[in-house]
Amino acid sequence: METLHQFINGELVDSPSGEWIEVENPYTGKIISRVPKGDERDADAALQAAKAAQDAWAAQTVSSRAVYLKKMAELIRSKRVQLATILAHEQAKIMPLAQVEIDFTADYFDYYAGWARIYEGEIINSDRPNEDMFLFRKPIGVVVGICPWNFPFFVMARKVAPALLTGCTIVLKPSSLTPNTTLEFAKMVAKLDLPKGVVNFVTGSGSKLGDALVKHPLSDMVSLTGSVEAGQAIIRNSADKVMKVSLELGGKAPAIIFPDADMDIAIKGLVDSRVIFSGQVCNCAERAYVHESIFDEFVDKFVKAMKKVTYGDPLADPAPNMSSQIDKNQLQKISEMVDRAVAEGAKVLCGGKAADTETGYFYEPTVLVGAKQSSEIVQKEIFGPAIPILPFKDYDEAIALANDCEYGLTSSVFSTNINTCLKAIKDLKFGETYINREHFEGMQGFHAGWRKSGIGGADGKHGLMEYLATQVAYIQF
């Protein structure tokens, strides 16, 4: 079993708590590492280091800060297979997808390094004849980044890269379920000539270490990717400080399949969106609405496609389509949701139960019909390889059903009619809409949700602006 360490003020350190968190390989069920179980003392040490480093870091030119992002990208590429293997072990992510995440993370650091000479302020017209108004964009300060377990390495970069480029310093807490890849990266960062305190990685529970980071007087912003409950806790904990928060809190993405859709494209897009990382992705298609005229044909073909989905060892070659759920709790949550849906009248057409495997927390690829729009399985995030399919009569009903949800992260539309697609984009109340393709965002877009899917967002120009405060100067001459 490997022992990994936190990274605070340029040093690899353990926690004064003397306690440890054991990390399980979800596929094998074996403990593969232990990481420090940090507490308030670790939060304070990391934030003190970040605060002490921030002014000098912000004083550097943005181009010089970008150099460090490029170095981080190079480090990741130099150990790309090793990092992908660590990722596959700690979360049972199939190796091809783990490799995509590692490579995408390296590209993400390079992408934001490229913004060094691009982002800018503004000159605003004044009402006075002899006056200029300048709008400056300045780093917001010390950032706390809290990461999820499903894409831990990429989301780490999603927070670290824009924070560093803009002149912020950061304290980042990975999920206790998946800290290994991030802490392996910390070992690489420790060998850079990065100024101490600019980047810090701490590990511990959200209820203790996470709360301490958010409530600490030195934190200026919190960026969380996680559950609605975690986001609500951060809003409460940051309220007294009136601190900026940026929250991505999951989704319940609808996919609408109109009667003129290319059925093969729709089925492939929906299957890909439902089983990527065993359905544990916030922007996955979580519910489908199919026009009644093609409903039976579509469901029949879709069920056949889902039955072909393979699952097993994430390191197998060739790789299966998916592997284990992240832990026993997640498997139980999915099982109980499907069981309740069946008890309320839904019908399982394939799957519907935990898989009979010797190891791992597997749930079979599952398709349900007959669920009510108001039911839990249609309204609440499943986060597993199960999907309810419901019929609709016309365009207006499809849009109404899709928008009938407390989430608003992603959505998709399948149609060969460009007018239908453009009208749906206008009418859907979601931060992202995918047309005739699977749900998977680009780094140059803006990943942001409506309603309970979050506040603010990430990626692209607008993701960069999350880490910048504005200052307007009125210059009279």
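Everything numeric here is computed off the predicted structure, so don't read it as measured data.

A. Seen up close, the confidence of the model for the protein. Across the protein, the average pLDDT comes to 95, with 100% of residues at or above 70. For the protein, the element scoring lowest by mean pLDDT is helix α8 (residues 228-238), at 89; strand β10 (residues 199-201) scores highest, at 98.

B. Expanded view of the packing of aromatic side chains. All told, the structure shown has 18 aromatic pairs when counted by the stated rule. Look at F153 and F185: their rings are 5.6 Å apart centre to centre, the planes differ by 85°, and that puts the pair in the edge-to-face class. Placement of F153 in helix α5 (residues 152-165) and of F185 in helix α6 (residues 180-189) is noted, with a sequence separation of 32 residues between them. Note on F153: relative accessible area 0%, which makes it buried. Ring centres 5.8 Å apart and planes at 35° place the aromatic pair Y311 and F362 in the tilted group. Taken as a pair, Y311 in the loop between α10 (295-307) and α11 (328-343) and F362 in the loop between β15 (347-350) and β16 (366-369) lie far apart in primary sequence, 51 residues in all. Take Y311: its relative accessible area is 31%, and that puts it in the partly exposed class. Look at F362 and you get buried, because its relative accessible area is 2%.

C. A look at the side chain of D427. If you trace the backbone, D427 turns up in helix α14 (residues 418-427). A polar contact of 2.6 Å, which involves the side chain of D427, links it to the side chain of Y395. Not counting the four nearest positions on each side in its chain, D427 is found in contact with Y395, I399 and N403.

D. Main features of the sheet that holds strand β7 (residues 131-139). Spatially, the three strands line up as an open sheet ordered β6-β7-β23, and their pairing is antiparallel. If you trace the sheet from one side to the other, it starts and ends with β6 (122-124) and β23 (468-476), each paired once. On average, adjacent strands in this sheet sit at an angle of 25° to one another, irrespective of strand direction. In this structure, β7 lies alongside β23, joined through nine bridges in antiparallel fashion. Bridging from a neighbouring strand, L135 pairs with V472 of β23.

E. Region of interest: the sheet that holds strand β13 (residues 253-257). If you walk across this open sheet you meet the seven strands as β15-β16-β17-β14-β13-β19-β20, and the pairing is mixed. In this open sheet, the two strands that pair with only one neighbour each are β15 and β20 (432-435). Taken over all neighbouring pairs, the strand axes of this sheet differ in orientation by 25° on average, direction set aside. Sheet analysis places β16 next to strand β17 (residues 386-392), joined by four bridges and oriented parallel. Among the inter-strand pairings, T366 is bridged to a residue of β17, identified as A386. Together, β15, β16 and β17 form the strand contacts of α11, whose direction differs from that of β16 by roughly 25°.

F. Main features of unusual backbone geometry. Residues D317 and P318 are joined by a peptide bond in cis, for which omega reads 5°. Within the chain, R451 stands out as a residue other than glycine whose phi angle is a positive 50°. Mapped onto the elements, R451 comes out in strand β21 (residues 450-451). The class of R451 is partly exposed, set by a relative accessible area of 35%.

G. Structural context of the environment of A341. By secondary structure assignment, the location of A341 is in helix α11. Accessibility expressed as a relative area gives 6% for A341, which makes it buried. When sequence neighbours within four positions are dropped, the list of residues in contact with A341 reads A346, L368 and I377.

H. View of the nonpolar core. In terms of nonpolar packing, the biggest core is built from 73 residues, with F109 and F185 touching the most fellow members. Ranked by residue count, the leading element in this core is α5, at ten residues. When near neighbours in sequence (up to four residues on either side) are disregarded, F185 contacts M72, I76, F109, F153, M156 and F201. Ranked by size, the runner-up nonpolar core spans 29 residues in total, among them V338, A346, A371 and A398.

I. Local environment of a nonpolar patch on the surface. Judged by side-chain polarity, I418, L422 and I425 come together as a nonpolar surface patch covering roughly 290 Å² of accessible area. Among the secondary structure elements, I418 is positioned in helix α14.

J. Expanded view of α11. With 16 residues, α11 should reach 22 Å at 1.5 Å per residue; the first-to-last C-alpha distance of 22 Å fits that figure. Residues Q330, L331, I334, S335, M337, V338 and A341 constitute the buried set of α11. Buried residues in α11, looked at end-on, bunch into an arc of 160°, giving them a common side. The exposed residues of α11 that point more than 90 degrees off its buried face are K328, N329 and A343. The inward-facing, buried residues of α11 contact β15, β16, α12 (376-379) and β17. You can read the cap of α11 off the contacts: a side-chain oxygen lies 3.2 Å from the backbone nitrogen of N329, and it is on D327. Taken from the residues just after α11, G345 is the one with a positive phi, measuring 120°.

What counts as what
The residue count restarts for each chain, going from 1 along the sequence in the order it is written. Where totals are concerned, whole chains, interfaces and linings use all residues; where local detail is concerned, this predicted model gives features only for residues with pLDDT of at least 70, and gives and counts side-chain atom pairs only at 80 or more. No hydrogens and no water enter the side-chain calculation; it runs on all heavy atoms of the structure. pLDDT is a residue-level measure of predictor confidence that goes from 0 to 100. A run of DSSP states H or I qualifies as a helix once it reaches four residues; a run of E qualifies as a strand once it reaches two. Both are numbered from the N-terminal end. For Phe, Tyr and Trp, rings pair up if their centres lie within 6.5 Å, where Trp contributes its six-membered ring, and each pair is then called stacked (planes under 30 degrees apart), edge-to-face (over 60) or tilted (otherwise). Partly exposed residues are those whose accessible area sits between 20% and 50% of the maximum for their type, while under 20% is buried and over 50% is exposed, using a 1.4 Å probe and protein chains only. Two N or O atoms form a polar contact when they lie within 3.5 Å of each other; inside protein one atom must be a possible hydrogen donor and the other a possible acceptor, and for residues adjacent in sequence the pair counts only when both atoms belong to side chains. By the convention used here, residues are in contact when the closest approach between their heavy atoms is within 4.5 Å. By definition, two strands form a pair when at least two bridges between them are found by DSSP. Interaxial angles span 0 to 180 degrees and are taken between N-to-C directions of axes, which are lines fitted to C-alpha atoms, for helices over the stretch in contact. Nine residue types can take part in a nonpolar core, namely buried Ala, Val, Leu, Ile, Met, Phe, Trp, Tyr and Cys, and a core is a set of them joined through side-chain atoms within 4.5 Å. Note that patches include only residues with greater than 30% relative accessible area and no salt bridge, and the join distances are 9 Å for like charges and 5 Å for nonpolar side chains (Val, Leu, Ile, Met, Phe, Trp, Tyr). Only the protein chains shown count as covering a residue, and every accessible area follows the Shrake-Rupley method with a 1.4 Å probe. The working definition used for a salt bridge is a side-chain nitrogen of Lys or Arg within 4 Å of a carboxyl oxygen of Asp or Glu. To estimate the expected span of a helix, count its residues, drop one, and scale the result by 1.5 Å. Think of it as the arc spanned by the lines of direction from the helix axis to the C-beta atoms.

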